[in-house]
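Chain residues, written in single-letter form:
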There are 2 protein chains.
Amino acid sequence: MAQYVYFFGNKYADGDGSMKNLLGGKGAGLAEMTKLGIRVPAGFTITTEVCTYFYEHGRKYPEDLENKLQVNLETVEKTMGTKFGDAENPLLVSVRSGARISMPGMMDTVLNLGLNDETIKGLIKKSGNERFAYDTYRRFIQMFSNVVLGLDSKIMESILEKKKKEKNVHNDNELSASDLKELVYKFKDVVKEQKGIDFPDDPYKQLWMGISAVFESWNVPRAITYRKLNHIPEDWGTAVNVVSMVYGNMGDNSGTGVAFTRNPSTGENGFYGEYLINAQGEDVVAGIRTPQPINNMSKKNKSDVSLEDALPSVYKELIEYAKILENHYKDMLDLEFTIQEGILYMLQVRSGKRTAKASVKIALDMYNEGLIDKKTAVLRVDPNSIVQLLYPSVDPKSKKDVIAKGLPASPGAASGEVVFSAEEAEAESKKGKKVILVRMETSPEDIHGMSVSEGILTARGGMTSHAAVVARGMGKCAITGCSALEINEKKGEIIIGERVIKKGDTVTLNGSTGEVYYGNVDMIRSELNDDFLTIMGFANGLKKLKIRANADTPEDAKVARNYSAEGIGLCRTEHMFFKGDRIKAVREMILADSKEEREKALRKLLPMQKGDFLDIYNEMKGYSVTIRLLDPPLHEFLPKTEEEIKELAGIMNVSFDKLNTKANSLHEINPMLGHRGCRLGISYPEIYEMQVEAIMEAACDFYSQGNEIIPEIMIPVVGIYEEIRILKAMVDKKANEVMASRGVKLNYLVGTMIELPRACVIAGDIAKEAEFFSFGTNDLTQTTFGFSRDDIGSFLPDYLERNVLKTDPFIELDREGVGSLMKIAVEGGKKTRKDIKLGICGEHGGDPSSIEFCHILGLNYASCSPFRVPVAIIAAAHAAIKNDK
Amino acid sequence: MAQYVYFFGNKYADGDGSMKNLLGGKGAGLAEMTKLGIRVPAGFTITTEVCTYFYEHGRKYPEDLENKLQVNLETVEKTMGTKFGDAENPLLVSVRSGARISMPGMMDTVLNLGLNDETIKGLIKKSGNERFAYDTYRRFIQMFSNVVLGLDSKIMESILEKKKKEKNVHNDNELSASDLKELVYKFKDVVKEQKGIDFPDDPYKQLWMGISAVFESWNVPRAITYRKLNHIPEDWGTAVNVVSMVYGNMGDNSGTGVAFTRNPSTGENGFYGEYLINAQGEDVVAGIRTPQPINNMSKKNKSDVSLEDALPSVYKELIEYAKILENHYKDMLDLEFTIQEGILYMLQVRSGKRTAKASVKIALDMYNEGLIDKKTAVLRVDPNSIVQLLYPSVDPKSKKDVIAKGLPASPGAASGEVVFSAEEAEAESKKGKKVILVRMETSPEDIHGMSVSEGILTARGGMTSHAAVVARGMGKCAITGCSALEINEKKGEIIIGERVIKKGDTVTLNGSTGEVYYGNVDMIRSELNDDFLTIMGFANGLKKLKIRANADTPEDAKVARNYSAEGIGLCRTEHMFFKGDRIKAVREMILADSKEEREKALRKLLPMQKGDFLDIYNEMKGYSVTIRLLDPPLHEFLPKTEEEIKELAGIMNVSFDKLNTKANSLHEINPMLGHRGCRLGISYPEIYEMQVEAIMEAACDFYSQGNEIIPEIMIPVVGIYEEIRILKAMVDKKANEVMASRGVKLNYLVGTMIELPRACVIAGDIAKEAEFFSFGTNDLTQTTFGFSRDDIGSFLPDYLERNVLKTDPFIELDREGVGSLMKIAVEGGKKTRKDIKLGICGEHGGDPSSIEFCHILGLNYASCSPFRVPVAIIAAAHAAIKNDK
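In this text the structure is predicted, and so the values were computed from the model without any measurement.

A. Summary view of the overall build of chain A. Helix and strand counts for chain A stand at 34 helices and 34 strands. Against the 2.2 N^0.38 benchmark of 29 Å for 885 residues, chain A shows a C-alpha radius of gyration of 32 Å, consistent with a compact globule. Over its C-alpha atoms, taken along the principal directions, chain A stretches across nearly 100 × 65 × 50 Å. The burial tally for chain A puts 60% of its 885 residues in the buried class. Considering only contacts in chain A between residues 6 or more positions apart, those separated by 24 or more positions represent 68%. Working note: accessible area of chain A is about 34,900 Å², and carbon and sulfur atoms make up 48% of it. Averaging the locations of the 113 positively and 125 negatively charged side chains of chain A gives two centres separated by 2 Å.

Here's what the structure looks like:
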């Protein structure tokens with residue numbers, strides 16, 4: 001029979017830090033800290049297995065759970081020397097969620113559980129502090145009513161506010177014991193009135209209700225959304241931690257705080273954190289009061305009072321604990337602690353969330369300190385987050401109209417129109433607008449709005465407030481605690497001194513300084529620092545997949561090389577067709593009435609394409625360049641509306657009728673499945689011949705200049721063996737003609753895109769001709785699912801919302817469906833041609849999960865947009881480290 | 001080393017009738033007849049292996065071929081008592097092609113080879129008939145010049161015509177020996193003049209040139225087209241038959257003819273054929289002179305002179321041979337013979353081409369005669385051709401304006417506009433017009449025009465002329481030998497007595513009587529006769545696949561049952577949406593602003609759909625009915641143009657803007673890959689709920705009336721497991737609600753279309769929910785190839801022309817690509833659900849090759865359009881007979 005309940009306390013723990021899956025992150029951390037001799041209040045963890053059981057059995061618990069809980073509760077009582085429900089010396093507990101992976105603020109917590117009109121007496125007696133006891137009591141009722149009984153938290157809050165107004169005070173802690181006592185009974189009346197039940201007085205009833213509420217909170221909408229955003233499986237479940245209370249609200253030698261063993265924003269190796277005197281934990285996290293810096297190093301203002309100054313011995317013990325824990329966990333840690341009358345208790349340890357920049361610095365520092373090895377250092381850098389490092393920052397030379405300054409909660413920079421709610425953010429961003437979400441403070445309900453905003457600006461909250469933590473996780477720029485802002489959501493305006501910012505006005509955030517500017521400000525792309533390049537170097541040494549870039553211009557090619565792309569995996573020749581006035585020649589080619597006319601127009605394009613190729617070869621010296629022959633249907637090069645056709649007819653000096661007829665004749669009902677790719681090459685061989693000529697001419701020039709080059713010529717949309725057979729023969733013929741006329745003998749490769757299900761199935765045949773395959777997973781996803789990327793918007797949101805699809809298959813490669821077809825293709829291709837070169841060149845080439853799949857499949861390279869190259873390099877290294885044992 | 005050359009003659013043959021692949025049909029037949037003791041001129045066959053060698057080695061022959069040929073030629077000389085190239089007693093030969101499968105008139109033949117100024121003397125001396133000898137000589141030069149030297153045949157023909165005019169005669173055989181001799185030298189001069197070479201006099205040179213010409217003719221365009229139309233592989237090659245000449249042109253006791261052992265048009269068991277006195281074989285086939293009936297039974301006119309009358313003993317021997325051969329081959333045979341001075345020689349035996357009607361009658365008669373078994377009888381009926389039997393015929397009660405009468409060469413009836421050339425036929429039919437091709441006579445060059453015409457009408461030629469044979473093969477109505485027609489192709493008119501029919505005028509052909517009518521005439525669908533029903537019964541007993549029909553209306557269902565469809569495999573509910581003014585309610589549903597409004601509109605549709613289902617259940621008593629839930633995207637139900645939208649807005653009493661906005665919002669760039677099928681079911685569950693309610697309500701009514709019914713509810717476009725899981729649950733819920741409210745408990749099945757590559761790949765998962773799969777191979781072909789059926793016209797003709805594709809994959813299922821995915825789906829589905837019901841319901845369900853593939857795959861049923869049901873039944877029987885050993 002499963003153990004279900006794991007005790008910890010007084011240096012003994014049933015579990016340990018390795019048991020995250022069973023005990024959740026918090027439970028495992030509490031057990032591990034206890035074993036390490038760190039002071040932790042005694043308690044026990046109810047395992048995630050109970051959560052699973054709870055949901056699988058119609059919200060019932062295992063039969064023997066009650067008994068096991070009772071045994072453990074008694075051990076806690078013994079350890080703490082208190083008694084649950086006792087009127088003399090009552091044990092109070094917190095009941096907290098704790099999943100495998102931290103889901104900050106997503107699930108519920110109840111503190112101070114076990115209080116009633118009897119036990120309050122004991123609390124008063126033991127603490128000798130009536131005000132503290134009633135403050136604790138009212139907190140408990142407020143929290144329990146909301147979390148367990150489902151009462152709207154605003155009701156209690158407004159009563160509290162009313163009381164403060166009545167008493168003419170600003171802060172909760174200015175209320176007296178009798179004020180608070182009054183509130184306790186007022187709150188109980190409200191529960192009776194609103195919920196029709198007496199507030200439960202039995203501590204055991206409170207405890208079981210609290211535990212159930214935490215398990216239930218696994219499935220509240222915001223938690224489901226968070227899991228979806230972070231790809232956390234539904235069936236993991238949460239554990240529940242029941243921990244004896246220690247009180248940060250017992251006076252000025254009490255307090256509570258949050259700390260990081262290193263700076264989570266910059267990665268600097270310095271202890272970093274915030275605390276509040278005379279407060280309980282939720283006050284810090286919720287950002288209701290702006291907290292104080294933990295040490296003098298991180299003071300921002302002269303008036304700040306650090307913990308280092310206020311309680312120096314506590315601070316000393318805290319940094320000792322931090323050292324022990326960091327050396328033990330070998331990672332930057334996020335710690336929660338409470339000080340009860342000068343005694344420090346650790347309440348949580350977990351891996352600290354950090355910015356991409358910090359992740360790089362911390363990983364490298366720890367590697368240099370000998371704490372971790374190279375592989376671990378690379379694994380510590382999340383490929384999805386490092387795009388942050390490539391985000392723009394504010395140009396220091398640009399003119400700025402600073403309107404306010406807050407905390408630099410998440411780095412980067414962003415401009416956008418001001419909106420005041422998550423709903424507005426969503427609505428405006430759907431219209432294609434860039435928005436900055438401005439809130440008093442954010443809460444988990446705001447996540448959907450934050451995810452569509454360019455940046456987040458809050459008036460309250462610190463560097464560890466909800467807004468700050470979430471924005472860093474999302475890689476979005478954020479400024480918090482910008483208290484100069486007077487936000488009037490209803491009127492849709494912000495007042496800052498004498499200025500008024502209205503909804504729709506543009507502001508720019510500088511997440512690295514905390515400055516808010518009016519209007520748009522020039523930005524520059526951040527430079528890659530040495531730390532980053534070092535980690536990239538580690539990753540490059542560890543990965544198996546080569547990372548190439550999709551680049552159509554010499555400029556793109558240069559960016560790609562700067563990011564260490566190892567060649568070009570996809571050069572889309574048609575993109576060159578739009579450059580300058582080339583489109584004119586392209587249109588002449590399309591309008592040609594005969595092969596001869598068409599060839600005439602193509603002759604004009606030839607030198608231009610050749611020049612482009614030569615420039616790209618030059619940027620990519622020594623690396624492979626894969627050039628794809630014309631792919632889109634010809635109608636993409638013609639105008640669509642009558643107006644545009646008329647205009648073009650004038651410019652091209654052809655009749656409207658002729659142009660209109662041509663445009664109509666090329667119109668397709670399903671262009672995605674139309675006359676494109678190699679089908680054009682079969683119908684109009686002269687187009688592909690011109691392109692091959694340009695590729696080979698440029699290669700001959702390049703070679704004659706003393707360079708090595710192996711052009712890779714790629715034929716798109718192949719689905720039938722004869723297509724590649726005919727076109728391979730055409731390419732060979734043309735290439736040989738060019739080389740013969742130039743007296744040069746070059747190696748070149750001819751390959752195909754694999755982007756149709758049929759191509760996957762007959763890959764073995766295609767490989768008879770093709771020397772390489774490049775998976776075009778955009779189109780392969782479209783045809784495998786029968787989804788049009790252009791039209792999917794009408795139902796994809798529904799599909800994601802209802803979990804029909806776990807992720808957008810155009811962002812993260814669908815391993816099950818598309819991946820199965822790729823596997824068939826890889827097997828078929830290798831069977832025919834053992835050393836066939838295999839790559840991917842769709843959008844998925846820059847997505848970490850997709851890259852991992854390509855690694856598992858045994859591809860040779862992934863090609864992605866130039867700015868995603870670093871992401872791809874890290875992801876490829878992760879894939880190799882995780883999968884190659 | 002391969003044998004390459006096979007001798008036959010004097011009752012001995014190296015080969016036999018089973019060796020068609022090696023010797024070709026003609027060679028195998030000659031060998032077999034020789035072995036049976038039938039009089040055949042001696043000769044030898046050069047095998048198809050030589051043809052393959054010839055093309056694989058740059059048109060060179062195997063080294064030892066010359067020697068082998070010489071040895072066999074000497075054996076022929078010995079057998080015939082003549083000598084090749086001899087001036088005294090010369091052996092002349094015919095050189096004829098002969099592929100595995102008859103390709104009538106497609107490849108080349110040279111007769112009378114071996115003649116020169118020396119051997120002519122021997123021919124004169126031996127025959128004692130100078131006129132005959134020079135007629136033979138001029139025929140040889142004429143034929144050799146055209147076939148071997150590539151001279152336009154019209155040049156020689158015009159010289160011949162000129163000579164006839166000059167001599168004031170009508171027929172070739174009225175020219176004298178000296179006229180013919182003159183022509184011989186004239187012809188030789190023309191060759192010298194046109195081709196710049198002396199006409200080759202060396203008989204061996206003639207022979208080798210003739211052999212090469214026949215091998216070359218395997219790859220002339222018309223032969224390639226024919227093979228493409230008939231799916232004959234390129235690499236089969238042809239054999240070459242070198243046979244000693246016998247002469248049908250030696251006078252009035254000589255002749256040549258073609259016969260069928262039974263009537264190829266009706267199947268009647270009577271000897272049937274045509275012959276010409278004093279003529280060589282090509283005169284009959286080419287239809288230059290209208291031949292005479294072979295026996296009195298088949299006389300059409302009093303003036304006809306039958307072979308039975310003219311040469312009774314020859315006729316007697318001929319029917320004896322026919323009897324021997326038919327008993328031997330156990331099939332209706334097509335015979336070619338020549339009579340040389342009263343002696344009968346058989347030149348060819350092969351299975352006779354026949355109409356569908358004849359094939360049924362002959363198969364059944366032979367079964368009744370004990371010649372063949374049931375399986376053979378069914379195999380004798382070509383499923384592709386039996387659609388002929390379902391073709392319309394002229395309504396005997398309708399008014400007719402008979403303008404001419406010819407030979408009823410191919411049955412059925414057809415109306416269309418008159419065109420005069422294959423090119424016109426193609427051009428007009430591309431415009432969507434129905435055309436009747438009118439020609440003096442047809443030739444292989446006309447095939448492309450014949451294939452697009454509704455019917456063929458020729459002024460010359462008999463029942464075995466090119467036009468007749470080809471039309472019967474194509475299952476097209478044809479009238480030949482309609483000599484009343486004066487065709488002026490240039491002026492584009494036909495004069496019939498005093499009437500003038502112009503290009504574009506409509507005529508109707510009655511292929512069963514030979515009557516030509518002016519204008520359109522009412523037609524009726526031909527009744528299925530008892531013979532056909534008997535064969536269908538045999539087929540039904542032999543096949544494994546059940547054959548169902550795609551039917552959306554009670555009327556279609558009735559037709560399907562009449563053709564013995566075993567249920568409905570696809571009932572498209574959306575087709576019902578267009579009936580009457582239902583489209584109004586459908587549009588209200590689409591325009592609804594809320595779920596409530598949408599449900600209101602759906603309530604209107606419910607009773608209509610329910611009524612339709614009940615009517616269909618009634619027609620299909622005792623058989624399964626598979627009903628597919630809504631499939632097309634909603635925009636298909638809305639108008640497209642501004643004009644139409646305006647009109648509809650008025651009718652529906654909504655603003656133009658609203659309607660226009662809705663139409664625009666539903667517009668899709670690739671509707672094939674859009675918001676359709678089960679994606680609608682997920683977005684708008686109320687639509688599917690209404691349909692399920694209608695299906696189950698109708699089923700409950702039907703059950704309450706004392707009938708058994710198992711409705712099969714089919715969900716389209718499934719590609720993701722969650723889609724079918726969610727919708728299966730919805731169907732079950734709704735079905736149970738209906739059954740509960742009616743107090744009825746029915747069995748029903750829920751299944752899916754398998755029409756996306758992803759569905760094939762994850763079929764194992766889908767089968768967890770789906771109780772049946774129905775392959776939608778139209779869409780599966782679109783997505784697998786990345787082809788849009790609507791747009792493929794821009795390149796499919798190119799693809800077929802250039803053999804990129806062997807057949808249109810929308811007509812014949814692509815076994816290699818689409819088929820591989822189907823196989824994956826079948827395996828996946830069966831692994832999860834051993835007894836899963838498997839079917840196909842696309843267009844391919846009516847195509848014989850596709851049906852065979854479904855049989856091989858182990859599907860349970862194929863569903864096709866009602867009129868294809870008999871085709872499918874025969875095809876399914878063929879598949880079972882051929883594949884289940």
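B. Summary view of the sheet that holds strand β34 (residues 861-864) of chain A. Residue and element names in this part refer to chain A. Taken in spatial order, the eight strands close into a barrel running β27-β28-β29-β30-β31-β32-β33-β34, and their pairing is parallel. The mean inter-strand angle of the sheet, taken between neighbouring strand axes irrespective of direction, is 25°. In terms of strand pairing, strand β27 (residues 546-550) meets strand β28 (residues 568-572) through two bridges, oriented parallel. When the sheet's bridge partners are listed, Asn-550 is paired in β28 with Leu-570. Taken strand by strand, helix α32 (residues 818-832) contacts β31 (749-754), β32 (772-775) and β33 (837-840), and its axis lies near 175° from that of β32.

C. A look at the pattern of salt bridges. Residue and element names in this part refer to chain A. Under the counting rule described, the total for this entry stands at 128 salt bridges over all chains. For Asp-331, the salt bridge goes to Arg-354, with nearest N and O atoms at 3.0 Å. One end of the pair, Asp-331, is in the loop between α12 (312-329) and β12 (333-340); the other, Arg-354, is in the loop between β13 (343-351) and α13 (356-368), and 23 residues separate them in sequence. Neither Asp-331 nor Arg-354 differs from the other in exposure class; each is buried.

D. Main features of the side chain of B:Asp552. All names here are of chain B. Turning to its location among the elements, Asp-552 is positioned in the loop between β27 (546-550) and α19 (554-562). A polar atom in the side chain of Asp-552 sits 2.9 Å from the backbone nitrogen of Arg-572. The contacts of Asp-552, once residues within four sequence positions are left out, are Leu-570, Cys-571, Arg-572, His-575, Met-576 and Ile-616.

E. Expanded view of the side chain of B:Lys734. Inspection of the secondary structure puts B:Lys734 in helix α27 (residues 721-742). With residues up to four places along the chain from it excluded, the contact list for B:Lys734 reads B:Glu689, B:Val692 and B:Glu693.

F. Summary view of helix α30 (residues 777-785) of chain A. In terms of burial, α30(A) is largely enclosed, as nine of its nine residues are buried. Positive backbone phi, approximately 70°, marks A:Gly786, located one or two places after α30(A).

G. Broad picture of the relation of the copies chain B and chain A. The transform that puts chain B on chain A rotates by 180° and translates by 0.2 Å along the axis, for an RMSD of 0.2 Å. Both copies of the chain, as the preceding transformation shows, are related through a two-fold rotation axis. Ranked by how close their C-alpha atoms come to the rotation axis, the residues of chain B are headed by B:Asn670, at 2.2 Å. A symmetric contact is evident, with 100% of the interface residues of chain B recurring at the interface of chain A.

H. The packing of aromatic side chains, seen in detail. Residues and elements named next belong to chain A. Evaluation of the coordinates by the stated rule reveals 38 aromatic pairs over all chains. Plain terms: the ring middles of Tyr-617 and Phe-702 are 5.8 Å apart, the flat faces sit at 50° to each other, and that makes the pair tilted. One end of the pair, Tyr-617, is in helix α22 (residues 595-619); the other, Phe-702, is in helix α26 (residues 685-704), and 85 residues separate them in sequence. The exposure class assigned to Tyr-617 is buried, which follows from its relative accessible area of 1%. What makes Phe-702 buried here is its relative accessible area of 0%. Joined through ring pairs, the aromatic side chains of Phe-54, Tyr-55, Tyr-61, Trp-208 and Phe-215 make up one cluster.

I. Seen up close, helix α33 (residues 848-857) of chain A. Residue and element names in this part refer to chain A. By the criterion of burial, α33 is predominantly enclosed, with eight of the ten residues buried. Of the residues making up α33, those classed as buried are Pro-848, Ser-849, Ser-850, Ile-851, Phe-853, Cys-854, His-855 and Leu-857. In this structure, the buried side of α33 is in contact with α32, β33 and α34 (869-883). The positive-phi residue at the C-terminal boundary of α33 is Gly-858, with phi of around 85°.

J. View of the sheet that holds strand β1 (residues 5-9) of chain B. All names here are of chain B. The antiparallel open sheet is built from six strands, whose spatial order is β2-β1-β3-β8-β6-β7. With one partner strand each, in any of the chains shown, β2 (12-13) and β7 (109-113) form the two edges of the open sheet. As judged from the four bridges shared by β1 and strand β3 (residues 43-46), these two strands associate in the antiparallel manner. Its bridge partner lying in β3, Phe-8 is registered against Gly-43.

K. Representation of the interface of chain B and chain A in the model. If you look at the interface, chain B gives 46 residues, while chain A gives 46 residues. When the area that chain B buries against chain A is broken down by residue, the three leading residues are B:Asn670, B:Leu673 and B:Arg758, summing to 16%. Across the chain B-chain A interface, the total number found is four salt bridges. Residue A:Arg758 is joined to B:Glu816 by a salt bridge in which the shortest nitrogen-to-oxygen separation is 3.3 Å. Summed over the shared surface of chain B and chain A, the result is 26 residue pairs in polar contact (both at pLDDT 80 or more). Those elements that provide at least two residues to the side of chain B that touches chain A are α25 (678-683), α27, α28 (757-761), α30 (777-785), α31 (796-801) and α32 (818-832) of chain B. Here the side of chain B that touches chain A is built from residues that sort into 20 nonpolar, 14 polar and twelve charged.

L. Main features of the pairing of strand β22 (residues 493-496) of chain A. Residue and element names in this part refer to chain A. Inspection of the sheet shows strand β21 (residues 486-488) paired to β22 by three bridges, in the antiparallel sense. Its bridge partner lying in β22, Glu-486 is registered against Ile-495. Counting the residues that bridge the hairpin from β21 to β22 gives four residues, and of these Gly-492 lies at a positive phi of roughly 70°.

M. Inspection of unusual backbone geometry at higher detail. Residues and elements named next belong to chain A. Phi angles above zero are rare outside glycine, and Lys-11 is one such case at about 65°. Among the secondary structure elements, Lys-11 is positioned in the loop between β1 (5-9) and β2 (12-13). A relative accessible area of 62% places Lys-11 in the exposed class. One non-glycine residue, Val-717, adopts positive backbone phi at about 60°. For Val-717, the position within the fold is in the loop between β30 (711-715) and α27 (721-742). By relative accessible area, which is 1% here, Val-717 ends up buried.

N. Region of interest: the packing of helix α23 (residues 642-652) of chain A against helix α24 (residues 656-666) of chain A. All names here are of chain A. Viewed as axis vectors pointing N to C, α23 and α24 meet at an angle of 130°, and their least axial separation amounts to 9 Å. One way to sum up the angle between α23 and α24 is to call them oblique. Between α23 and α24 lies a crossing whose hand is right-handed. Of the residues in α24, those in contact with Glu-642, Ile-645, Lys-646, Leu-648 and Ala-649 of α23 are Phe-656, Leu-659, Asn-660 and Ala-663. In terms of residue class, the contact of α23 with α24 is built from six nonpolar, one polar and two charged.

O. Local environment of the confidence of the model for chain A. Averaged over every residue, the pLDDT of chain A is 90; residues scoring 70 or more account for 98%. Both scores are given for the predicted complex: the pTM is 0.81, the ipTM 0.80.

P. View of the nonpolar core. Formed by 290 residues in total, the largest nonpolar core has its most connected members in A:Tyr617, A:Met696, A:Ile715, B:Tyr617, B:Met696 and B:Ile715. When residues no more than four places from it in sequence are discounted, the contact partners of B:Tyr617 are B:Val625, B:Ile627, B:Ile695, B:Ala698, B:Ala699, B:Phe702, B:Ile709 and B:Pro711. One finds B:Ala42, B:Val190, B:Trp218 and B:Met250 within the second-largest nonpolar core, a separate group that totals 69 residues.

Q. Broad picture of the packing of α13(A) against helix α18 (residues 530-542) of chain A. Residues and elements named next belong to chain A. It is at 9 Å that the axes of α13 and α18 come closest, and there the two elements cross at 70°. Overall, the two elements α13 and α18 adopt an arrangement that is roughly perpendicular. The interaxial crossing formed by α13 with α18 has left-handed handedness. Note on element contacts: α18 touches α13 through Asp-531, Phe-532, Thr-534, Ile-535 and Phe-538, opposite Val-360, Lys-361, Ala-363, Leu-364 and Tyr-367. Across the contact of α13 with α18, the residue classes tally to seven nonpolar, one polar and two charged.

R. Representation of the environment of A:Lys604. All names here are of chain A. With respect to the secondary-structure elements, Lys-604 resides in helix α22. Relative accessible area serves as the criterion here: at 41%, Lys-604 is assigned to the partly exposed category. Contact partners of Lys-604, with chain neighbours within four places excluded, come to Ala-585 and Glu-588. Only 2.6 Å separates the side chain of Lys-604 from the side chain of Glu-588, close enough to count as a polar contact.

Conventions used here
- Residues numbered from 1 in each chain as written.
- Chains lettered and ligands numbered in written order.
- Predicted model: local features only at pLDDT ≥ 70, side-chain atom pairs only at ≥ 80, totals over all residues.
- Heavy atoms only, no water.
- Helix = DSSP H or I, 4+ residues; strand = E, 2+ residues; numbered from the N terminus.
- Rg over C-alpha atoms; globule rule 2.2 N^0.38 Å.
- Buried < 20%, exposed > 50% of the residue type's maximum accessible area, 1.4 Å probe, protein only.
- Contact = heavy atoms within 4.5 Å.
- Areas by Shrake-Rupley, 256 points an atom, 1.4 Å probe, with all protein chains shown as cover.
- Lys, Arg positive; Asp, Glu negative; His and termini not counted.
- Charge placed at Lys NZ, Arg CZ, Asp CG, Glu CD.
- Pairing = 2+ DSSP bridges.
- Axes fitted to C-alpha atoms, helices over the stretch in contact; angles between N-to-C directions.
- Salt bridge = Lys/Arg side-chain N within 4 Å of Asp/Glu carboxyl O.
- Polar contact = N/O pair within 3.5 Å; in protein donor to acceptor, adjacent residues only side chain to side chain.
- Least-squares fit on C-alpha atoms with pLDDT ≥ 70 in both.
- Phe/Tyr/Trp six-rings, centres within 6.5 Å; stacked < 30°, edge-to-face > 60°.
- Buried area = accessible area lost by both parts, 1.4 Å probe.
- Nonpolar A, V, L, I, M, F, W, Y, C, P; charged D, E, K, R; others polar.
- Parallel < 35°, antiparallel > 145°, perpendicular 65-115°, else oblique.
- Left-handed = near helix turned anticlockwise from the far one by under 90°.
- pLDDT = per-residue confidence, 0-100.
- Core = buried A, V, L, I, M, F, W, Y, C linked by side-chain atoms within 4.5 Å.

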